[in-house]
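Each chain, letter by letter, is given below.
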Amino acid sequence: MKSHSLTEGPVGPHIRNIALPMSVGFFFNTMYNVVDSFYAGQISTQALASMALSFPVFFVIIALSQGIARGSSALIANAIGAGDTTSEKGYSGQVFSLAVLFSIAITLTGLGSASPLFRVLGADGTYLELANAYVRPLFWGAGFFLLSSMSNAILLAHGDSKTFGTVLVGGFFANLVLDPWLLYGGLGVPPLGLAGIAWATVIIQAIGGIYLFLTVLRRGYLCRSELFKSPQFRIYGEILRQGIPTAFNMMSIALGFFVSTYYLNSYGQVAVAAFGVGTRIEQMALLPALALSSAIVSIVGQNNGAGRLDRVQECVSLCIKYGLYLIAGASLALLLFATPLVRLFTSDPEVVEVGTTYIQIMVFIQWAYVMTFLHTGYLQAVKRPMYGFVESVIRKIILPIVVFSSLVTVVGVTVVEFFYAMVAINVLMTVATIMYAQYILRRSLRNTVD
């Protein structure tokens, strides 16, 4: 099947054709998480806090799969734009064998390290048991997460976001059935409790991943002969040079959750649960930005490979404009409906109060997240993934450790003041990201003119 060329025709429609299906898919994926949190909240506030505690550990799977996938997608898109069919097929085939190796490593490492990490975060007794019950099935199913991500990376490089969006929508509706069934049991299945929610996710990832993989094969984006080739370490190296910085960038987000959760634990389980709920609600507002960053990787990648830097600049400018317009409306909605949104996740009045406060503070920096996503997406597309890693380590780990340790252990700030410290860190790093990415863009345009 012929690739969808993103180097021809108006850029705006290309952005919309990729971003809109992704936005819809991401919306249903967020609602998927709402369903998970709702059923966890039905068990207890402690179960909800355990899910929040487990998220950084689980995010390691997401980070590695998405990091390698985004790096691969950028390479494949550049190869498509340059008309380099040999490289395109080579990247597409080798990324799956690489994914197998990563899935084995993730499963073994995750199963062995989850409990010690939870203990570092202060979990013990039932709290620890619940966190382990939720995260262990996810590590067993790591291979399916990777299968889904790698298949989507190939589709996205070819300009197809609709297939993955459809899978995410289908996953949401499947989760409505599987979550209560596996949680409470029935039809020959024993009640699995919080672990049932995790197993539902694994089953849905398996079905979605297999469907995406078969779609890639059916469209001819991946030759079976390439799939069964022995490992080519040169291609592995190229994929890893692009993918590992992005994976570590995303993992630093998980580590950032560890850091924030570690210090929030001093305020009690209510603060941890509220933070987990608040960050999930923030994701709703950021769905368009995530979709636009996916569009940037595809469109900028193909046009960068084709040497069409005028279209690269146009794509970045349009995505920024669309992103800021959309986040303004989403932020207003969050501000007006903060309390009802938190109540979707929990009925605990203390968690509702702290979660509402968190959202009402963080709503004013949603624009900063948008600008970060878009500019790091551009850098990924032009094969400069390292900045995103460095920026995220500083934003999520180094500055929070320095600032939070001073504020919590020395000054003794309130939880509200803690949230304001988060705001300051994020705004500072966003300004730095904008300045760097725009400098790279201007420099590449000058070099083209010269």
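Residues numbered from 1 in each chain as written. Predicted model: local features only at pLDDT ≥ 70, side-chain atom pairs only at ≥ 80, totals over all residues. Heavy atoms only, no water.

Novice: Before we go on, may I ask you to explain the overall build of the protein in this structure?
Specialist: Each helix and strand in the protein was counted, giving 16 helices and 0 strands. For 450 residues, the compact-globule estimate of 2.2 N^0.38 gives 22 Å, and the C-alpha radius of gyration of the protein, at 21 Å, lies within 12% of that figure. Its C-alpha atoms give the protein principal-axis dimensions of roughly 60 × 50 × 35 Å. Taking contacts inside the protein between residues at least 6 apart in sequence as the whole, the part at least 24 apart equals 84%. In the structure as shown, the protein presents an accessible area of about 17,800 Å², 67% of it carried by carbon and sulfur atoms. Taking the average place of the 25 positive charges on the side chains of the protein and the average place of its 19 negative ones, the gap between the two points comes to 10 Å. (Helix = DSSP H or I, 4+ residues; strand = E, 2+ residues; numbered from the N terminus. Rg over C-alpha atoms; globule rule 2.2 N^0.38 Å. Contact = heavy atoms within 4.5 Å. Areas by Shrake-Rupley, 256 points an atom, 1.4 Å probe, with all protein chains shown as cover. Lys, Arg positive; Asp, Glu negative; His and termini not counted. Charge placed at Lys NZ, Arg CZ, Asp CG, Glu CD.)

Novice: Explain the environment of Val300 here, please?
Specialist: Here Val300 lies in helix 10 (residues 269-305). In this structure Val300 comes out as buried when scored by relative accessible area, which is 0%. Put simply, Val300 and Ser331 are 31 residues apart on the chain and 27 Å apart in space, counted from C-alpha to C-alpha. Residues within four places of Val300 in sequence aside, it is in contact with Ala295, Val312, Cys315, Val316, Tyr378, Ala381 and Val382. (Buried < 20%, exposed > 50% of the residue type's maximum accessible area, 1.4 Å probe, protein only.)

Novice: Looking at this structure, I do not really get empty space enclosed by the protein. What am I missing?
Specialist: To find leftover empty space, one rolls a probe the size of a water molecule over the atoms. The final tally for this structure, using the stated rule, is 3 cavities of 30 Å³ or more. Lining the second largest cavity, in full, are Met51, Ala52, Leu53, Phe55, Phe257, Thr261, Val272, Phe275, Gly276, Thr279, Arg280 and Gln283. Residue assignment for the lining of the second largest cavity shows that the elements contributing at least two residues are helix 2 (45-82), helix 9 (233-264) and helix 10. Of the residues forming the lining of the second largest cavity, the biggest block, 6 residues, is contributed by helix 10. For the lining of the second largest cavity, the class distribution of residues is 7 nonpolar, 4 polar and 1 charged. (1 Å grid on protein atoms, 1.4 Å probe; cavity = no way out; pocket = protein on both sides within 12 Å on 5 of 7 lines; lining within 4 Å. Points joined across faces, edges and corners; volume = space filled by probe spheres on them. Nonpolar A, V, L, I, M, F, W, Y, C, P; charged D, E, K, R; others polar.)

Novice: Sorry, what's going on with helix 7 (residues 194-218) here?
Specialist: End to end, helix 7 covers 37 Å across 25 residues, agreeing with the expected 36 Å (1.5 Å per residue, within 8%). Immediately downstream of helix 7, the backbone of Gly220 shows phi near 80 degrees, a positive value. (Expected span 1.5 Å × (residues − 1).)

Novice: Which parts of the structure should I look at to understand unusual backbone geometry?
Specialist: What you tend to see is this: most non-glycine residues have negative phi, and most peptide bonds are trans. Even without being a glycine, Lys383 presents a positive backbone phi close to 65 degrees. With respect to the helices and strands, Lys383 occurs in the loop between helix 14 (366-381) and helix 15 (386-411).

Novice: So what exactly am I meant to see when it comes to the layout of surface pockets here?
Specialist: Taken as a whole, the largest pocket encloses approximately 290 Å³ of empty space. Put simply, the parts of the chain that give the lining of the largest pocket at least two residues each are helix 2, helix 3 (85-120), helix 9 and helix 15. If one sorts the elements of the lining of the largest pocket by residue count, helix 3 sits on top with 7 residues. Considered as a void within the structure, the second largest pocket measures approximately 210 Å³ in volume. In this structure, the second largest pocket is lined by Ser23, Phe27, Met31, Met284, Ala285, Leu287, Pro288, Ala330, Ala333, Leu334, Leu341 and Leu344. For the lining of the second largest pocket, the secondary-structure elements that each account for two or more residues are helix 1 (11-43), helix 10 and helix 11 (309-336). Per-element tally for the lining of the second largest pocket: the top contributor is helix 10, with 4 residues.

Novice: I would appreciate a short explanation of the side chain of Glu238 in the present structure.
Specialist: Position of Glu238 among the secondary structure elements: in helix 9. Separated by 2.6 Å, the side chains of Glu238 and Arg234 make a polar contact. Apart from residues no more than four positions distant in its own chain, Glu238 is found in contact with Leu75 and Tyr91. (Polar contact = N/O pair within 3.5 Å; in protein donor to acceptor, adjacent residues only side chain to side chain.)

Novice: Explain the nonpolar core here, please?
Specialist: Nonpolar side chains in soluble globular proteins generally cluster together in the buried interior. With 151 residues, the main nonpolar core has Ile15, Phe118, Ile281, Val300, Tyr378 and Phe419 as its most contacted residues. Judged by nonpolar contacts, the second largest core, of 5 residues, contains Leu178, Leu182, Ala200 and Ile204. (Core = buried A, V, L, I, M, F, W, Y, C linked by side-chain atoms within 4.5 Å.)

Novice: Would you take a moment to explain the packing of helix 1 against helix 6 (residues 162-184) for this structure?
Specialist: To describe two helices that pack against each other, one gives the angle between their axes and the distance between the axes. The contact between helix 1 and helix 6 brings their axes to 7 Å, and the two run at 10 degrees. Between helix 1 and helix 6, the angle is such that the two are roughly parallel. Counted by class, the contact of helix 1 with helix 6 contains 19 nonpolar, 6 polar and 3 charged residues. (Axes fitted to C-alpha atoms, helices over the stretch in contact; angles between N-to-C directions. Parallel < 35°, antiparallel > 145°, perpendicular 65-115°, else oblique.)

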